[in-house]
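Chain residues, written in single-letter form:
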Amino acid sequence: MHDIRAIRQDPAAFDAAMARRGLAPIAERVLALDAARRDQITKQQAALTRRNDLAKQIGMAKRKGEDSTALEAEARALKEALDAFEGATDEVTALLATLPNILDPEVPDGPDETANVVLHQHGEPPRPNFTPLQHFELGERFGQMDFANAAKLAGSRFTILRGQLARLERALGQWMLNLHTEQHGYAETTVPYLVNDATVYGTGQLPKFEDDLFKTTDGRYLIPTAEVPLTNLVREEIVPEAALPFRLTALTPCFRSEAGSAGRDTRGMLRQHQFQKVEMVSITRPQDSDAEHERMTRCAERVLTELGLVWRRVLLCSGDTGFGAARTYDLEVWLPGQQAWREISSCSNCRDFQARRMNARMKPAEGKGNVVLHTLNGSGVAVGRALIAVLETHQQADGSVLIPEVLLPYMGGLERIAAA
């Protein structure tokens, strides 16, 4: 959500910011709706004042035995007008809810991922003396990655893991969660997997991206990421400055309809309707969010480094930055089987965009008034994609896969996965 006061002060700057997102000028329309809303509020306040006066006059007339018919008719008309005010849609808020966040000045302009900028690379893509397999080829060779039965049970874009691969997935999630809680200062949190519409509105999935969500028959939504419930923990709250930052993490299933992804990554586990992810969320003072963004990204990078993966940090361009983000770093891993870089984590600074939607504020230690909080979120990381990267990166010429050292304590003594 955007600060309407800032749009009033500099509508040209707002139009320029939206132009970077590929949107036509819209400030004039926003301000027209804002003016209409303020006029409506003025009329509503006047009607309330008049209704209170009428109530007093009607009471006085009745006590005196005077005819109050005209006064009561006017009061009924005012009640109808006030009911109409209450039922009227706040059009300016509805419009602002559909507009994306303002991009950081450092975000490069560009139409899509081709304009993203690689900032740093860790390691070099390996050159094995054999032809590496893709993860689904390895998984099916092991007899532990089953797409056919998953499709029978639930349809496409689901996977069944068995045996050692199922344990490896569990090990990855538990190890990441322990790393973030024990060494990175995030508080482990369990959250609902079903949330109400106010919650998905607060983080920006509604109203624009409802098609990307799974909705239940009672009007709730399956979470697309733990970012949604974690961030909303401060909705409608005023947080003391001394309590910040909040750093929260959760390992949850995530549910996504993958609307618009027909034909993309149809084989394997890269793009699923259901997957596990360790999420990181930070709630900070406004002046701290840029430094927190860097810190959060380094936490995700450490996961990839300790798993022995080749990765790079990418600054997303204007055309590839998500709706709610002011700036996003993607972390991409090299997949030897695919011979391609693939995204495994996104770390975003949303600044005050989500907090305004949630009415989440901070009570400063000094001074008067409250300040809108800043929110950040990042994958720490997607468990299924980490599984893919481990399989493809650590596969051997004999078709087996070595388990990264950091995962060995979680694997019951197993050091290698091989076909039976």
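All figures in this text were calculated on a predicted structure; none of them were measured in a lab. (Residues numbered from 1 in each chain as written. Predicted model: local features only at pLDDT ≥ 70, side-chain atom pairs only at ≥ 80, totals over all residues. Heavy atoms only, no water.)

Take the sheet that holds strand 4 (residues 187-188) next. Read across the sheet, eight strands follow the order 1-10-11-12-15-9-8-4 without closing on themselves; strand pairing throughout is mixed. Two strands lie at the open edges of the sheet, namely strand 1 (117-122) and strand 4, each paired on one side alone. Bridge count for strand 12 (residues 340-349) against strand 15 (residues 374-382) is three bridges, and the pairing is antiparallel. From the neighbouring strand, Asn-349 faces strand 15, where its bridge partner is Leu-376. Packed onto the sheet, helix 8 (residues 163-182) meets strand 4, strand 8 (246-255), strand 9 (274-284) and strand 15 and runs at close to 165° relative to strand 8. (Pairing = 2+ DSSP bridges. Helix = DSSP H or I, 4+ residues; strand = E, 2+ residues; numbered from the N terminus. Contact = heavy atoms within 4.5 Å. Axes fitted to C-alpha atoms, helices over the stretch in contact; angles between N-to-C directions.)

Helix-helix packing is characterised by the crossing angle of the two axes and by the distance between the axes. Relative orientation of the contacting elements helix 8 and helix 11 (residues 289-306) amounts to 135°, with a least axis distance of 11 Å. Relative to helix 11, helix 8 is oriented oblique. In this structure, the crossing between helix 8 and helix 11 has a hand that is right-handed. In this structure, helix 8 contributes Trp-175, Met-176, Leu-179 and His-180 to the contact, and helix 11 contributes Cys-299, Arg-302, Val-303 and Glu-306. Split into classes, the residues belonging to the contact of helix 8 with helix 11 amount to five nonpolar, one polar and two charged. (Parallel < 35°, antiparallel > 145°, perpendicular 65-115°, else oblique. Left-handed = near helix turned anticlockwise from the far one by under 90°. Nonpolar A, V, L, I, M, F, W, Y, C, P; charged D, E, K, R; others polar.)

Take the side chain of Arg-357 next. Following the sequence through the fold, Arg-357 ends up in helix 12 (residues 353-358). No salt bridge is formed by the buried Arg-357, whose closest oppositely charged neighbour, Glu-227, lies at an N-O distance of 9.6 Å. A polar contact of 2.8 Å, which involves the side chain of Arg-357, links it to the backbone oxygen of Tyr-201. Other than its neighbours up to four places away in sequence, Arg-357 contacts Met-1, Ala-97, Tyr-201, Gly-202, Gly-204, Leu-206, Pro-207 and Phe-323. (Buried < 20%, exposed > 50% of the residue type's maximum accessible area, 1.4 Å probe, protein only. Lys, Arg positive; Asp, Glu negative; His and termini not counted. Salt bridge = Lys/Arg side-chain N within 4 Å of Asp/Glu carboxyl O. Polar contact = N/O pair within 3.5 Å; in protein donor to acceptor, adjacent residues only side chain to side chain.)

Attention shifts here to the UniProt feature "binding site: ATP" (unreviewed entry) in the protein. Here the UniProt-annotated "binding site: ATP" (unreviewed entry) positions come out as Arg-256, Ser-257, Glu-258, Glu-343, Ile-344, Ser-345 and Ser-346. Of the residues annotated just before, the largest pocket has Arg-256, Glu-258, Glu-343, Ile-344 and Ser-346 among its lining. In this view, Arg-256 contacts Asp-212, Phe-214, Pro-224, Thr-225, Gln-272, His-273, Phe-275 and Lys-277; residues no more than four positions away in its chain are not counted. Polar side-chain contacts of Arg-256 include one of 2.8 Å to the backbone oxygen of Pro-224. By the element assignment, Glu-343 lies in strand 12. The exposure class of Glu-343 is partly exposed, given its relative accessible area of 28%. Here Glu-343 is in contact with Asp-330, Leu-331, Glu-332 and Arg-385, once residues within four sequence places are set aside. There is a polar contact of 3.1 Å between the side chain of Glu-343 and the backbone nitrogen of Ser-345. (UniProt positions renumbered as here; feature names shortened; annotations may be inferred. 1 Å grid on protein atoms, 1.4 Å probe; cavity = no way out; pocket = protein on both sides within 12 Å on 5 of 7 lines; lining within 4 Å.)

On to the UniProt feature "binding site: L-serine" (unreviewed entry) in the protein, then. The UniProt record annotates "binding site: L-serine" (unreviewed entry) at Thr-225, Ala-226, Glu-227, Glu-279 and Ser-379. These annotated residues cover 155 residues of sequence, and their C-alpha atoms all fall within 9.5 Å of one another, placing them together at a single site. Lining the largest pocket, from this annotated set, are Thr-225, Glu-227, Glu-279 and Ser-379. Within the element layout of this structure, Thr-225 appears in the loop between strand 6 (221-222) and helix 10 (227-231). Sequence-distant contacts of Thr-225, that is, excluding residues within four places in its chain, are made with Cys-254, Arg-256, Lys-277 and Glu-279. With respect to the helices and strands, Ala-226 occurs in the loop between strand 6 and helix 10. For Ala-226, a relative accessible area of 0% translates into the label buried. Those residues in contact with Ala-226 that lie beyond four places of it in its chain are Ala-250, Thr-252 and Glu-279.

The subject of this paragraph is helix 2 (residues 11-19). For helix 2, the complete set of buried residues consists of Phe-14, Asp-15, Ala-17 and Met-18. End-on, the buried residues of helix 2 take up no more than an arc of 160°, which puts them together on one face. Tucked into the core, helix 2 has its buried residues touching helix 1 (4-9) and helix 3 (27-64). (Arc of directions from axis to C-beta.)

Turning to the pattern of salt bridges, a few remarks are in order. The final tally for this structure, using the stated rule, is 33 salt bridges. The shortest N-O distance in the salt bridge between Glu-140 and Arg-267 comes to 3.7 Å. Of this pair, Glu-140 sits in helix 6 (residues 135-142) while Arg-267 sits in the loop between strand 8 and strand 9, and the two are 127 residues apart along the sequence. A single network of salt bridges, built from pairs that share partners, joins Arg-8, Asp-34, Arg-37, Arg-38 and Asp-90.

Of all eleven residues that make up strand 9, nine are buried, and the element is covered over most of its length. Taken together, the ten bridges between strand 8 and strand 9 define a ladder with antiparallel strand orientation. Within strand 9, the position partnered with Thr-252 by the bridge is Lys-277. Two elements, strand 9 and strand 15, share seven bridges in a ladder whose sense is antiparallel. Each residue of the ladder has a partner; that of Met-280, found in strand 15, is Gly-378.

Further remarks concern the side chain of Arg-157. Here Arg-157 shows up in the loop between helix 7 (147-154) and strand 3 (160-161). Among buried Asp, Glu, Lys and Arg side chains, Arg-157 stands out as unpaired, with Glu-258 the closest opposite charge at 5.7 Å. Looking at Arg-157, its side chain comes within polar contact range of the main-chain oxygen of Arg-271, at 3.2 Å.

We now examine unusual backbone geometry. Negative phi values dominate among residues other than glycine, just as trans dominates among peptide bonds. Cis geometry marks the peptide bond from Leu-244 to Pro-245; its omega dihedral reads 0°. By the element assignment, Pro-245 lies in the loop between strand 7 (238-240) and strand 8. A cis amide bond links Gly-380 with the next residue in sequence, Val-381, at an omega value of 10°. Of note, Val-381 is situated in strand 15. Positioned with a positive phi, Arg-157 is a non-glycine residue whose angle comes to about 65°. On the basis of relative accessible area, Arg-157 is assigned to the buried category, the value being 14%. In the Ramachandran plot, Asn-359 falls in the positive-phi region, its phi being about 55° despite a non-glycine side chain. Mapped onto the elements, Asn-359 comes out in the loop between helix 12 and strand 13 (361-363). Exposure remark for Asn-359: the relative accessible area of 29% places this residue in the partly exposed category.

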